[in-house]
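These are the residues of each chain, in order.
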Amino acid sequence: MKKPTLLVLAAGMGSRYGSLKQMDGVGPNGEAIIDYSIYDAIRAGFGRVVFVIRHLFEKEFREIFTPERFGGKIAVDFVFQELDKLPAGFEVPADRTKPWGTNHAVMMASGTIREEPFAVINADDFYGEDAYRTIADYLRSVAGQKNHYCMVGYEIRNTLSDFGAVSRGVCGVERTRIERRMGRIVYEDDRGGLVELAEDTPVSMNMFGFTPDYFKYSEDYFATYLKDNIDNPKSEFYIPTMVNKLVAEGRAQLRVLRSSAQWFGVTYKEDRPAVVERIRKLIDEGVYPAKLWP
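Draft legend 1. Region of interest: the overall build of the protein. The number of helices and strands found in the protein is seven helices and 13 strands. Looking at the protein residue by residue over its 294 residues, the buried ones come to 53%. For the protein, the accessible surface area stands at approximately 13,800 Å², while carbon and sulfur atoms represent 48% of it.

Below, the structure written as structure tokens:
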């Protein structure tokens, strides 16, 4: 049985953070969040990591994230997400500057991931050891099958930023401007009212698992998506858009995997010191070694 592959979405430049945050060192020896993701993936039994990047920073990325960096314990490949990666008959509108979205990024790996099930993560999110073990176990159980997808659901209280409101997929519904106010977790509805969410409400942090048939569905639907949205410079083809469509049509099933792991990430630049401190605490607790790689 082929080991599952980890697909890392790293093409985003992190406009709110103000730099190429995927490279930012948060560990005691300059380890990036990506390093901890790969370390956890290796422990969970993933056999390869595929990075989705842009040609703009290809040289820098390749020099840092090499198989040698990871101790030769996992194979490394790269694919590229660019605005002009469109189906035949479509051209990039002159006013388009935003990427085409996370599901477009996933599609870039269709020629590289062919047989094995795979997990998808954001490069700048810390998902935790338990999440990788949970999703790897599921992916191994559906190897060789079709139309079996999954999502790791986090308790919403474990996903908030202290420095601003965030957007989260709440049980298949996207909620924006979620934050803690007066000790309660709330979001702002369409009329500006505040609606409370339970502390253990499961939310998506963009950690999905797929069997390879997902690529063909995505490629087929992307052309339809473009016909309807190509003139909207802010529209993006997100993973939940594709997943929700397939589930609603009965063409695939999505298993929500619950994890008790603590998610954290650098959504805002002010988040970085807290991330560094959390990594240090995990090292003190023995979850990670002080030096990840030899």
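Alright, that's what it looks like, and here's the rest.
Draft legend 2. Representation of the pairing of strand 1 (residues 5-9) within the structure. With five of five residues buried, strand 1 is to be regarded as a mostly interior element. Neither face of strand 1 is open: one carries Thr5, Leu7 and Leu9, the other Leu6 and Val8, and all of them are buried. Two elements, strand 1 and strand 2 (residues 48-53), share five bridges in a ladder whose sense is parallel. Bridge assignment links leucine 6 to a residue of strand 2, and that residue is valine 49.

Draft legend 3. Fine view of the side chain of histidine 148. Within the secondary structure layout, histidine 148 lies in strand 6 (residues 148-155). A polar contact is formed between the side chain of histidine 148 and the side chain of glutamine 145, at a distance of 3.2 Å. Non-local contacts of histidine 148, meaning those with residues more than four positions away in its chain, are made with Tyr138, Val142, Gly209, Phe210, Thr211 and Gln253.

Draft legend 4. Fine view of the environment of isoleucine 34. Secondary-structure assignment places isoleucine 34 in helix 1 (residues 33-44). As a C-alpha pair, isoleucine 34 and asparagine 122 span 88 residues in sequence and 8.9 Å in three-dimensional space.

Draft legend 5. Expanded view of the environment of alanine 136. Along the chain, the position of alanine 136 falls in helix 4 (residues 129-141). Placed 19 residues apart in sequence, alanine 136 and proline 117 show a C-alpha to C-alpha distance of 9.2 Å. Apart from the residues lying within four places of it in its own chain, the contact partners of alanine 136 are Ala44 and Phe46.

Draft legend 6. Inspection of helix 7 (residues 272-284) at higher detail. Given a rise of 1.5 Å per residue, 13 residues ought to cover 18 Å, and the 19 Å separating the end C-alpha atoms of helix 7 matches this to within 8%. Residue glycine 286 follows helix 7 closely and has a positive phi angle near 85 degrees.

Draft legend 7. Spatial organisation of the packing of aromatic side chains. A full pass over the atoms with the stated rule returns 25 aromatic pairs. Measuring from centroid to centroid gives 6.4 Å for phenylalanine 65 and phenylalanine 70, while their planes differ by 15 degrees, and the two rings are stacked. Assessed through its relative accessible area of 1%, phenylalanine 65 is described here as buried. Centre to centre, the rings of tyrosine 149 and tyrosine 214 are 5.3 Å apart; their planes meet at 85 degrees, and the pair counts as edge-to-face.

Draft legend 8. Broad picture of the confidence of the model for the protein. Looking at the protein, the pLDDT average stands at 85 and 80% of residues meet or exceed 70. When the criterion is pLDDT under 50, residues 13-19 qualifies, and its contacts beyond four places in sequence or with other chains add up to 14 contacts. A low-confidence stretch, residues 168-174 (pLDDT under 50), is modelled with 22 contacts involving residues beyond four sequence positions or located in other chains.

Conventions and cut-offs
- Residues numbered from 1 in each chain as written.
- Predicted model: local features only at pLDDT ≥ 70, side-chain atom pairs only at ≥ 80, totals over all residues.
- Heavy atoms only, no water.
- Helix = DSSP H or I, 4+ residues; strand = E, 2+ residues; numbered from the N terminus.
- Buried < 20%, exposed > 50% of the residue type's maximum accessible area, 1.4 Å probe, protein only.
- Areas by Shrake-Rupley, 256 points an atom, 1.4 Å probe, with all protein chains shown as cover.
- Pairing = 2+ DSSP bridges.
- Polar contact = N/O pair within 3.5 Å; in protein donor to acceptor, adjacent residues only side chain to side chain.
- Contact = heavy atoms within 4.5 Å.
- Expected span 1.5 Å × (residues − 1).
- Phe/Tyr/Trp six-rings, centres within 6.5 Å; stacked < 30°, edge-to-face > 60°.
- pLDDT = per-residue confidence, 0-100.

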